[in-house]
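Read off the chains here:
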Amino acid sequence: MSILIKPVITEKMTAASEDLNRYGFIVDRRANKIQIKSAVEDMYGVSVLSVRTMTYGGKSKSRFTKGGLIQGKTNAFKKAIVQLPEGESIDFYSNI
């Protein structure tokens, strides 16, 4: 089970990482805070102070097309906010 799916790179999370040393990740929905903490520490080589998680449900979407009404649903996901101690950071752009 791969716990970390992808990092959240938005304007809001970039500001939080610069000001408060917090980083966001989309994680596996079955992962708990202890597993998320160990996965971040193993992958990026940093120590983690705290982990906050939130679960988002899928949204129903519909649109009108020439062929009629198309309905669907977006995927549900879990997001984790990881706080690092002062002086440590994660560089998401180092391997590009």
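Here, the structure is the one placed above.
Per-chain numbering applies: the sequence of each chain, read as written, is numbered from 1 onward. In keeping with the predicted nature of the model, local features appear solely for residues at pLDDT of at least 70, side-chain atom pairs appear and are counted solely at 80 or more, and the whole-chain, interface and lining totals rest on all residues. Think of the side-chain values as coming from all heavy atoms in the structure, minus any hydrogens and water.

(A) Layout of helix H1 (residues 11-19). Residues of H1 that are buried: Met 13, Ala 16 and Ser 17. One side of H1 holds all its buried residues, which, seen down the axis, span an arc of 100°. In H1, the exposed residues that point more than 90 degrees away from the buried face are Glu 11, Glu 18 and Asp 19. By definition, residues are in contact when any of their heavy atoms lie within 4.5 Å. Think of it this way: any DSSP run of H or I at least four residues long counts as a helix, any run of E at least two long counts as a strand, and we number them from the N terminus. Buried residues in H1 make contact with strand E1 (4-8), strand E2 (22-27) and strand E6 (77-83). Asn 21 occupies a position one or two residues after H1 and carries a positive phi of about 60°. Partly exposed residues are those whose accessible area sits between 20% and 50% of the maximum for their type, while under 20% is buried and over 50% is exposed, using a 1.4 Å probe and protein chains only. What the arc covers is the set of directions going from the helix axis to the C-beta atoms.

(B) Main features of unusual backbone geometry. Positioned with a positive phi, Asn 21 is a non-glycine residue whose angle comes to about 60°. With respect to the element layout, Asn 21 can be found in the loop between H1 and E2. Among the residues examined, Asn 21 registers a relative accessible area of 12% and is labelled buried.

(C) Representation of the environment of Tyr 56 in the model. Counting through the fold element by element, Tyr 56 comes out in strand E3 (residues 50-56). Of the residues examined, Tyr 56 reaches a relative accessible area of 32% and is grouped as partly exposed. As for Tyr 56 and Glu 41, which are separated by 15 residues in sequence, their C-alpha atoms are 24 Å apart. Of note is the side chain of Tyr 56, whose polar atom sits 3.4 Å from the side chain of Lys 79. Nitrogen and oxygen atoms within 3.5 Å of one another constitute a polar contact, given that in protein one can donate a hydrogen and the other can accept it, and given that sequence-neighbouring residues count only through two side-chain atoms.

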